[in-house]
Every structure is written in structure tokens, then in C-alpha cells.
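Architecture at a glance
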Amino acid sequence: MIDSTHYRRLLQAPAMSFFLFGPRGIGKSSWLRTVLPSAQYFDLLNPSTELKLSRDPHLLEASIAPSSKKGWIVIDEIQKVPTLLSEVHRLMETTKHRFVLCGSSARKLRRGGADLLAGRAITVNMEALSFAEMGRHFHLQSILDWGTLPMVCRNLTTAANVLEAYVHTYIREEIKEEGIVRQVPPFLRFLSVAGLLNGQVVNASNIAREAALARSTVDQYFSILVDTLLGHFLPVYQPALKLRERAHPKFYWFDSGVARAASGLLRDPVDRLWKGWALETLLFHELRVFNETQEKHRPISYYKTVGGAEIDFVIETRKRRSSAPPHVVCVEAKLAERWERSWDRPMRDLKLLPGIQVDRMIGVYTGTDRYHFDGVDILPVADFL
């Protein structure tokens, strides 16, 4: 068993007011209580607090303790009462309070036309546990099986039950409660198909047929997963300004364990193909964590060659300029104990294209040795992370 209270998160609290977004169950509230121990909290999951402030948002000011005159105010689950943002905006103008507005989605805030504070609060995103945060508790095979949710890593013997409850409680019930979808059963059919397609190219027409849904409904459901931070699209990298064709993006769940639960595979052993996508999901997760905690915000894509071969991740480290090509780093991941030289050929092909500067090519695999083949670094997963 792992004591989750020992996880030291990489994210740093900004000095100014901020929105904190992230999927449910990743430790946002626990992190806030650690980094802002003296803050006053308003938890909108508390029915009485939600009812009181939804009826009269002005009661927020009256409820702030005099001792918090210049301190931090945390409002958890802010999407439950979007009208509070206007009151928060007013208090930011008239007092010296700094606010943290925490939630699992900005969808309801935008949908309700809520005041997003006109730039007075920056946005910070939190992800599930990362390699650096888990430290010696990082075990690759367990993560490929069950993901990196703190509540799962705390006790792997209950992983299946926890993930099953996560999908039921945090996805199905929340989406049903907020009225995001009109009918729940079609959305559950979509979840099952989307879970199976974790890490794969999205073809909405095929998914619509598989889930017996309209194409427009599939697009809407994917937007729900993205807006609630349960998944991310990985676009195709476009090295040229003019393209002959437009390829489909890939879709990755934020956590492979949640994808497994959504697909209904918790009680069945997963095969190597699934674990290969789980490995890609982990690396995409780690790249997003690095982007956020190091404030890099570098675009991440995948690349598909003319012959159909792919590079899992292309990270653009320098934008194209009129006088210089874009600079990129390529990463290819393989669930394999031995690296085959043919796997790095797509990266070499991209490097040969005019109008692009490939600064580094990295192969990541589940073996134990490091190699360097003519400009390509081959690294074990833990070394890369």
C-alpha cells in the first residue's frame, strides 16, 4: 500500500488568483490544502454551501472571515455555481483577496455565459500522478494495467473496484446531474467504444456506426470528454504550410486506467496491444505534466508519413519563422524488450524533409539498456522520464 499523503506534487501555486482545473480524483483539493494551508475554503460539494451561494452570491463576501482580509479564498467545484464568478470579480476589484477557483471543467462556466474574470485569474491545469511525483513507488507494469490516479495507486488490490466506481460516480452521475447529455444510455455506449479506442486515430463515422449514434452526436460526446478534461486530442503534425490531405487526430484518455474502466475491461486481462497504447498514454501524460509544471506549453502532435508509418510524438520546440524552419523533437514508444532499428525509420524520414529541423530523435522502450544509433537515442522508459 502507498500512502498518498507522501506525494509531493510538482505544480507550484501562482502568486496571483488562478483557476485550477483537472479531472476529478487527481488530488486538486489535497494539493490546495497543502500549498495554501491558511486559506478559507468554500466547498460547493457541500449541499448547504451550494444552495446558500447559488441563491444569493453576495453572501460570499459576508461569509469571508475578517482574518482572511488579505489572504487566499478557495472555492472548490466552482462549476456548480457559475454565477459566483461575477461576485468573485467584484471582490477582486474592491478587496485584496486572492482567489483559487477549482473545478473539473470550464464547460459549464462557458455554457452559462459566466464571467471568466476578464484575465484577472490565470489558468493552471493539474494532471494525475507523474513519474517524478511517484518516485520509488513508480512501477511501470502496474501503471500500464491500472493508470496513475492517486486513489488507485494508494492500494492496487482495490484498483478495479475504485476505477469502476470512478467511471460510475465521477463520469456517469456527474454528466447526468449537470444535464450535459439528454439521454444517458447512448452516452454510455459511446464511453465503451471510446475507451476501447484509447490512443488510436479518431474516425467519428466509424465510431458512430459502432455505437449506433449520429455522427454529430459522436463529435458532441468527444467535446464533453475534452471539456471535462477526461481526454485530449493529439493532432497531426503539419510540417508544410500546404497539405495534400488532412489526417484524423488521435484521442487519448487522461489516464489509461480510466480508459480501461470505460471500455469495460477491468475484469479481463489486457493484451500487449492494449498495454502498448497504455504506454503511449503514459508518455503523453508525462509530456503534458512537463509542459504545465515547467511552463513550456510546447505543441505536441503525432506525425504520419506518406507510407502510413507514424511517429508517436512530435514536440515543436521552436515555431516556424520567415527566416528559419520549425525545430522539433521526435519520440517513438514501443512496448518491447528489444529495440528494432526499423522503428526509428519514420523519425529519420522526417529529418530528411526540407523545411524542418529535427533536433533530437528518441526511441522509448521497455528494455533495460541505452543505445545510440546514428543520431537516435534509445532509452528505457524510466530513463526517458
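Residues numbered from 1 in each chain as written. Predicted model: local features only at pLDDT ≥ 70, side-chain atom pairs only at ≥ 80, totals over all residues. Heavy atoms only, no water.

**With respect to the overall build of the chain**
- A tally of regular secondary structure across the chain gives 16 helices and 14 strands.
- In terms of C-alpha radius of gyration, the chain reaches 22 Å, essentially the compact-globule figure of 21 Å for 385 residues.
- For the C-alpha atoms alone, the extent of the chain along its principal axes is close to 65 × 50 × 45 Å.
- Relative to its 385 residues, the chain shows a buried fraction of 51%.
- Considering only residue pairs separated by 6 or more positions, the chain has 67% of its internal contacts joining residues 24 or more positions apart. (Helix = DSSP H or I, 4+ residues; strand = E, 2+ residues; numbered from the N terminus. Rg over C-alpha atoms; globule rule 2.2 N^0.38 Å. Buried < 20%, exposed > 50% of the residue type's maximum accessible area, 1.4 Å probe, protein only. Contact = heavy atoms within 4.5 Å.)

**Some details on the packing of aromatic side chains**
- According to the stated counting rule, one finds 18 aromatic pairs in the structure shown.
- Aromatic side chains Y371 and F373 sit 5.6 Å apart centroid to centroid with 10° between the ring planes, which places their arrangement in the stacked category.
- For F373, a relative accessible area of 24% puts it in the partly exposed group.
- Site record: aromatic cluster; members linked through ring pairs are F187, F190, Y221, F222, F233, F251 and W253.
- Sitting over the ring of Y302, K250 keeps its end group 4.7 Å from the ring centre. (Phe/Tyr/Trp six-rings, centres within 6.5 Å; stacked < 30°, edge-to-face > 60°. Lys NZ or Arg CZ within 6 Å of the ring centre and 35° of its normal.)

**Comments concerning the confidence of the model for the chain**
- Overall, the prediction assigns the chain a mean pLDDT of 89, with 92% of residues at 70 or greater.
- In this model, residues 1-5 is a region of pLDDT below 50 whose contacts with residues beyond four sequence positions or in other chains number seven contacts. (pLDDT = per-residue confidence, 0-100.)

**Quick look at the nonpolar core**
- Counting residues in each nonpolar core, the largest one holds 54 residues, and the members touching the most others are L20, I171, F187, F190 and W253.
- Counting residues per element, this core draws most heavily on helix 9 (residues 159-177), at eight residues.
- Other than its neighbours up to four places away in sequence, F187 contacts I171, I175, V181, Y221, I224 and L225.
- Core analysis: the next-biggest nonpolar cluster, separate from the first, contains 29 residues, L140, I143, V236 and V329 among them. (Core = buried A, V, L, I, M, F, W, Y, C linked by side-chain atoms within 4.5 Å.)

**Here we look at the sheet that holds strand 9 (residues 300-304)**
- Read across the sheet, six strands follow the order 9-10-11-12-14-13 without closing on themselves; strand pairing throughout is mixed. Of all the strands in the sheet, just strand 9 and strand 13 (371-373) have a single pairing partner and so form its edges. Each strand of the sheet is rotated relative to its neighbour by a mean of 30°, with strand direction disregarded.
- Sheet analysis places strand 12 (residues 357-365) next to strand 14 (residues 376-380), joined by five bridges and oriented parallel. Opposite V364, over in strand 14, you have L379 as the bridge partner.
- Of the strands in this sheet, strand 9, strand 10 (310-318), strand 11 (327-334) and strand 12 are in contact with helix 14 (residues 272-293), which crosses strand 10 at around 5°.
- Along the sheet face, helix 15 (residues 345-352) touches strand 9, strand 10, strand 11, strand 12, strand 13 and strand 14 and points at about 175° away from the line of strand 12. (Pairing = 2+ DSSP bridges. Axes fitted to C-alpha atoms, helices over the stretch in contact; angles between N-to-C directions.)

**Some points on the pairing of strand 1 (residues 18-21)**
- Here strand 1 shows no split at all, with F18 and L20 on one side and F19 and F21 on the other all buried.
- Across four bridges, the pairing between strand 1 and strand 4 (residues 98-103) is parallel. When the bridges of strand 4 are listed, F18 appears paired with V100.
- Pairing between strand 1 and strand 5 (residues 122-125): four bridges, direction parallel.

**Observations concerning the pattern of salt bridges**
- Taken as a whole, this structure holds 17 salt bridges when the rule is applied.
- Linking E133 and R9 is a salt bridge whose minimum nitrogen-to-oxygen distance equals 3.2 Å. You can see E133 sitting in helix 6 (residues 131-134) and its partner R9 sitting in the segment before strand 1, a full 124 residues away along the chain.
- We note a salt bridge from D374 to R341, for which the minimum N-O separation is 3.9 Å. With D374 in the loop between strand 13 and strand 14 and R341 in the loop between strand 11 and helix 15, this pair connects stretches of sequence that are 33 residues apart.
- Of the residues examined, R341 reaches a relative accessible area of 38% and is grouped as partly exposed. (Salt bridge = Lys/Arg side-chain N within 4 Å of Asp/Glu carboxyl O.)

**Quick look at the sheet that holds strand 8 (residues 250-253)**
- Read across the sheet, three strands follow the order 6-8-7 without closing on themselves; strand pairing throughout is antiparallel. On the outer flanks of this sheet lie strand 6 (200-201) and strand 7 (231-234), each paired with one strand and no other.
- Pairing geometry for strand 7 and strand 8, over four bridges, is antiparallel. The residue of strand 8 that forms the bridge with G231 is W253.
- In the packing of helix 14 onto the sheet, contacts are made with strand 6, strand 7 and strand 8, and the angle to strand 8 comes to roughly 80°.

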